[in-house]
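Residues per chain, in single letters:
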Amino acid sequence: IDFGLIVDGAVVMMENFVRRRAARPPTIADTAPPNEDRRLELFQTAAAEVARPVLFGVLIIMAVYLPIFTLEGLEGKMFRPMAITVCSALLGSLVLSLTAVPVVSSYLLPLGGAHHDGWFERVRTAYVAHLRDQMRFRSRTIGVALGVVILAVGSVPFLGTEFMPKLDEGSILIETRKLPSVSIDESVEISSRVERQLRRFPEVAQVVTKLGRPDLATEAMGIYQGDVYVQLHPIETWPEGRTKDELVSAMAASLADFPGLTSNFTQPMAMRLDEVVSGIKADVAVKIFGPEAAVLERLGAHVRTVIDQVNGAADVQVEVLSGAAQVEIQIDRDAIARYGLNVTDIQEMVEAAVGGIKATELLDGAKRFPVVVWLPGEVRRDARALASLTVVAPRGERIPLDRVASIRETRTPEAVTHENASRRLVVQCNVRGRDVGSFVAEAERRLRASLQLPTGYSITWGGQFENQQRAMTRLAVVLPLSLAIIFVLLFATFGRLRWALLILVNVPFALVGGIAAIWVRGLTLNLSAAVGFIALFGVAVLNGVVMLAAIRALREDDGLPVSEATLAG
């Protein structure tokens, strides 16, 4: 894509050759066999004129890419290889522009010939007339230009921000969650009903659901979790008047009627990317850290209520901590002491009844299979049936289990999630109809106004917003440093502070077109756009270096006044 940058130095060099050739007064010798000394002198002079601006111009573009090398995390993995490739290609093109291009041009370019074709001369004549008019009314020109720059830069805070632009993968991934106590049969039945519901949409071509964890355990998912892959027909075959966002909203509304089912809409590759980067399969996540699960659940419920009221929130859900059914047996130590029993007596009996005990082995040739004995499944899950189990005391009494232990059915944590050695609960959501940056800013304001965190509890923001904040914070520090390096190179090129500042002033003017394009396309200011602007800085500075070098040569070598040298340059 950056082939334009790579050939830029060679274009400047070749253009100066052609200009120098056309500027020479024609002689009869031009039609004769070329004189080698005259040819070499022409090309050496032309190459020496632009060698310095080309050298520093390309070095400046390479300096512009320095901030990209400092990016971390996902953004570093995405853009650092690009920066390495561009800088390597620029370095190679610089060497060739200063060495091979002049040599090859001295062989291939004839000494005679016009500078440009007729059509270009007509275009340039019209441009020069317009430029002369603008230079005659300098105050008006500068005023209009400053107004356009102020309007463009002033509109940036209203663009909205995201980590990366959202790409349409042509399919939908719906992450579904049921109650943690759901059985496999119930989970399959609910997922089948979800598939039948989604197939009613004419845009859907195929629906496939994956439940639980695969054999290789690449994903830690319970049987209450499912990934529903929705393959869509080509968009040109859809019923008119419905966009993909509207289709997702309609699907979410149709699944809202399923009791105990929560859903999160994303795309297959986007979900994998989010999961690898931050462990969150959503655009935005609020991570709540603290020691007590009950307090985390209370805070999570409050955060969910607040986020649900923010405009743009979709698929809001709280990470499930509790809800798994469990039979809890708590031994009464005073009671077992009266019967002369030990804690291990009760534990071994319960373990044999519920977990199973190896009774013998089945031999099949060289193969050995353990034979395990345990209670039937309906008894293992029934607290009353377990209470009737008997324990044999040392003196021979047969004592029901409920006399020496309390047995009850409870709800316990389905999973205990930690991050950085702290217990964590996540409230996550997607953002539709607005940018992520403004959504998080509004949600943060509402949370600060309504939530008082207990001592020992904290909140951080995750998901794509976390990546965006990290990348933009790093660029905010490194980009000024890069501009400082550019300024030093400019000062080394021209030796005057005023001229270096003059070229740097060109940078904000160069932003106008990019900002206008973002507004016209309805996009947001994301990391890709930021990297594009960084590359733009280098191109703008390179153009300024070449133009100012030409103006400087006209003033110093030919003695032209400022206005005429600027117009000719």
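Cut-offs applied
Residues numbered from 1 in each chain as written. Predicted model: local features only at pLDDT ≥ 70, side-chain atom pairs only at ≥ 80, totals over all residues. Heavy atoms only, no water. Helix = DSSP H or I, 4+ residues; strand = E, 2+ residues; numbered from the N terminus. Rg over C-alpha atoms; globule rule 2.2 N^0.38 Å. Contact = heavy atoms within 4.5 Å. Areas by Shrake-Rupley, 256 points an atom, 1.4 Å probe, with all protein chains shown as cover. Patch = residues over 30% accessible without salt bridge, like charges linked within 9 Å, V, L, I, M, F, W, Y side chains within 5 Å. Salt bridge = Lys/Arg side-chain N within 4 Å of Asp/Glu carboxyl O. Buried < 20%, exposed > 50% of the residue type's maximum accessible area, 1.4 Å probe, protein only. Polar contact = N/O pair within 3.5 Å; in protein donor to acceptor, adjacent residues only side chain to side chain. Phe/Tyr/Trp six-rings, centres within 6.5 Å; stacked < 30°, edge-to-face > 60°. Lys NZ or Arg CZ within 6 Å of the ring centre and 35° of its normal. Pairing = 2+ DSSP bridges.

Asks: It is not clear to me how the overall build of the protein should be interpreted in this structure. Could you clarify?
Replies: Within the protein one finds 21 helices and 15 strands. Here the C-alpha radius of gyration of the protein, 36 Å, is well above what a compact globule of 569 residues would show, namely 25 Å. Overall, the C-alpha framework of the protein stretches about 130 × 65 × 50 Å when taken along its three principal axes. In the protein, the proportion of contacts linking residues at least 24 apart, taken out of those at least 6 apart, comes to 74%. For the protein, the accessible area works out to roughly 31,300 Å², and carbon and sulfur atoms hold 60% of it.

Asks: What am I meant to see in a nonpolar patch on the surface here?
Replies: Together, Leu66, Phe69, Ile84, Leu481 and Ile485 line one region of the surface with nonpolar side chains, adding up to about 400 Å² of accessible area. Among the elements of the structure, α3 (66-69) and α18 (464-494) are those that each provide at least two residues to the nonpolar patch. Summarising the element assignment, Ile84 is placed in helix α4 (residues 73-98). Given the relative accessible area of 42%, Ile84 is considered partly exposed.

Asks: Would you mind going over the side chain of Ser187 with me for this structure?
Replies: In this fold, Ser187 is placed in helix α8 (residues 184-198). The exposure class of Ser187 is buried, given its relative accessible area of 1%. A distance of 2.6 Å separates the side chain of Ser187 from the backbone oxygen of Ile223, its partner in a polar contact. Setting aside anything within four residues of it in sequence, one finds Ser187 in contact with Lys178, Val182, Leu211, Ile223 and Tyr224.

Asks: Sorry if this is basic, but what is going on with the packing of aromatic side chains here?
Replies: The geometry of an aromatic ring pair is captured by two quantities: the separation of the ring centres and the angle between the planes. By the definition in use, this model includes three aromatic pairs. A ring pair is formed by Phe17 and Phe43, whose centres lie 5.0 Å apart and whose planes are at 70 degrees; its orientation type is edge-to-face. Of the two residues, Phe17 is situated in helix α1 (residues 3-23) and Phe43 in helix α2 (residues 36-64); the sequence distance between them amounts to 26 residues. The same class applies to Phe17 as to Phe43, namely buried. When the ring of Trp119 is compared with that of Phe120, the centres are 5.7 Å apart and the planes differ by 90 degrees; the resulting orientation is edge-to-face. The lysine or arginine in question, Arg380, covers the ring of Trp374, its NZ or CZ lying 3.6 Å from the ring centre. The ring of Trp499 carries Arg496 above its face, with NZ or CZ at 4.7 Å from the centroid.

Asks: Sorry, what's going on with the pattern of salt bridges here?
Replies: In this structure the tally under the stated criterion is 18 salt bridges. Where Glu203 meets Arg242, a salt bridge forms, and the shortest distance between an N and an O atom there is 2.9 Å. Separated by 39 residues along the polypeptide, Glu203 in the loop between α8 and β2 (204-211) and Arg242 in the loop between β3 (225-232) and α9 (244-255) bring together distant segments of the chain. In this structure Arg242 comes out as partly exposed when scored by relative accessible area, which is 28%. One salt-bridge network, in which partners are shared between bridges, spans Asp133, Arg136 and Arg140.

Asks: What should I look at first to understand the pairing of strand β14 (residues 422-431) in this one?
Replies: Walk down a regular strand and you will see the side chains alternate between the two sheet faces. With eight of ten residues buried, β14 is to be regarded as a mostly interior element. As paired elements, strand β5 (residues 284-289) and β14 share six bridges and run antiparallel to each other. Following the sheet pairing, Phe289 is matched in β14 by Arg424. Taken together, the four bridges between strand β6 (residues 313-318) and β14 define a ladder with antiparallel strand orientation. Note on β14: the bridge partner recorded for Ala314 is Asn430. As paired elements, strand β13 (residues 418-419) and β14 share two bridges and run antiparallel to each other. Bridge pairing in β14 places His418 opposite Arg423. Between β13 and β14, which pair antiparallel and follow one another directly, the connecting turn spans two residues, one of which, Asn420, has a positive phi of 55 degrees.

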